[in-house]
Amino acid sequence: MACPTPARADSTGDVTATVVVAGGELSIIVPASADLGHGSPDEGISGQLGTVTVVDDRAQLAATWVATVTATDFTTGGGTPEETIPASTIDYWSGPATQDVGTGVLVPGQPTAAEAVPLATEPRAFSRTTGDGLNRASWNPTLIFELSPSTVVGVYTGTVTHSVG
């Protein structure tokens, strides 16, 4: 009877291994509230809204996004025409980025005050036009209120909404 041959071990061996890189979400962080200042109808009012931040944790090959902004009318009292500042008379100025982390090109919607646009047009606030992986961008936009001479005294409240997609 023949002896069985022992199993032979190779001097090298390959193992196929995998890892998973998980991505997160694309989100936007805005201030809970803002006091934009005070003024008279003949002066107008402008003030900074506070830091707005887009966080892109999707870790994509094409990590691009666009942030837009809209607003409601600002009203006081009973919301009559004299107690309303229409969104169409409120200009938005994104200004420059206050933070830019990641790769790619970050583009402000309105880099200078001269380029401010009415909120009623739903302007582009900021965008990342190229890049990959994780990124983050922040800015501190300014709202400019053009007041009618018939605007009455009061504390006016409205909602400013930033969206990213």
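My aim in this report is to walk through the structure given alongside it, one point at a time. (Residues numbered from 1 in each chain as written. Predicted model: local features only at pLDDT ≥ 70, side-chain atom pairs only at ≥ 80, totals over all residues. Heavy atoms only, no water.)

Glancing now at unusual backbone geometry. Backbone geometry at Ala59 places phi at a positive 55 degrees, although glycine is not the residue there. When you line up the elements, Ala59 lands in strand β3 (residues 52-60). (Helix = DSSP H or I, 4+ residues; strand = E, 2+ residues; numbered from the N terminus.)

With that settled, consider the layout of surface pockets. Volume-wise, the largest pocket comes out at about 670 Å³. What lines the largest pocket is a set of 30 residues, among which Ala34, Leu36, Phe74, Tyr156 and Thr157 lie closest to the centre. Listing elements by their share of the lining of the largest pocket, those giving two or more residues are β13 (142-145) and β14 (160-164). For the lining of the largest pocket, a count of residues per class yields 18 nonpolar, 11 polar and one charged. (1 Å grid on protein atoms, 1.4 Å probe; cavity = no way out; pocket = protein on both sides within 12 Å on 5 of 7 lines; lining within 4 Å. Points joined across faces, edges and corners; volume = space filled by probe spheres on them. Nonpolar A, V, L, I, M, F, W, Y, C, P; charged D, E, K, R; others polar.)

This part takes up the side chain of Thr84. Along the chain, the position of Thr84 falls in strand β6 (residues 84-85). With relative accessibility at 14%, the residue Thr84 sits in the buried group. Engagement of the side chain of Thr84 in a polar contact is seen with the backbone oxygen of Gly79, the distance being 3.1 Å. Within the structure, the side chain of Thr84 is placed 2.8 Å from the backbone oxygen of Thr80, a separation counted as a polar contact. (Buried < 20%, exposed > 50% of the residue type's maximum accessible area, 1.4 Å probe, protein only. Polar contact = N/O pair within 3.5 Å; in protein donor to acceptor, adjacent residues only side chain to side chain.)

Moving on to the packing of aromatic side chains. Under the defined criterion, the tally for this structure stands at two aromatic pairs. Ring centres of Phe74 and Phe145 lie 5.1 Å apart, and the angle between their planes is 80 degrees; on these two criteria the pair is classed as edge-to-face. Taken as a pair, Phe74 in strand β5 (residues 74-75) and Phe145 in strand β13 lie far apart in primary sequence, 71 residues in all. In terms of burial, Phe74 and Phe145 fall into one category: buried. Residues Phe126 and Trp139 carry aromatic rings whose centres are separated by 4.6 Å and whose planes lie at 25 degrees to one another, so their mutual orientation is stacked. One end of the pair, Phe126, is in strand β11 (residues 124-128); the other, Trp139, is in strand β12 (residues 133-139), and 13 residues separate them in sequence. (Phe/Tyr/Trp six-rings, centres within 6.5 Å; stacked < 30°, edge-to-face > 60°.)

Right, let's get into the sheet that holds strand β1 (residues 26-29). Backbone hydrogen bonds hold the strands of a sheet together, and the pairing may be parallel or antiparallel. In spatial order, the strands read β1-β3-β12-β8; together these four strands make up an open sheet with antiparallel pairing. Two strands bound the open sheet, and with one partner strand each, they are β1 and β8 (97-101). Strand-to-strand, the axes of this sheet are offset by a mean angle of 10 degrees, without reference to chain direction. Inspection of the sheet shows β1 paired to β3 by four bridges, in the antiparallel sense. When the bridges of β3 are listed, Ile28 appears paired with Val54. (Pairing = 2+ DSSP bridges. Axes fitted to C-alpha atoms, helices over the stretch in contact; angles between N-to-C directions.)

Attention shifts here to the environment of Pro118. Following the sequence through the fold, Pro118 ends up in strand β10 (residues 117-118). We classify Pro118 as partly exposed; its relative accessible area is 28%. As for Pro118 and Ala87, which are separated by 31 residues in sequence, their C-alpha atoms are 7.3 Å apart. Excluding residues within four positions of it along the chain, Pro118 makes contact with Ser88, Ile90, Asp91 and Pro123. (Contact = heavy atoms within 4.5 Å.)

Turning our eyes to something else, we now look at the nonpolar core. Counting residues in hydrophobic clusters, the biggest one holds 22 residues, and the most contacted among them are Trp65, Ile85, Ile90, Tyr92, Trp139, Leu143 and Phe145. Counting residues per element, this core draws most heavily on strand β4 (residues 65-71), which supplies three residues. Residue contacts for Trp65: discarding those within four places in its chain leaves Leu26, Val54, Asp56, Arg58, Leu106, Phe126, Ser127, Arg128, Asn135, Ala137, Val164 and Gly165. (Core = buried A, V, L, I, M, F, W, Y, C linked by side-chain atoms within 4.5 Å.)

Moving on, we come to the sheet that holds strand β2 (residues 45-48). Here we have four strands laid out as an open sheet, ordered β2-β13-β7-β10, and antiparallel in their pairing. Either end of the sheet is taken by a strand with one partner, and the two such strands are β2 and β10. Relative to β13, β2 is paired through four bridges, and the arrangement is antiparallel. Considered in β13, the bridge of Ile45 is made with Phe145.

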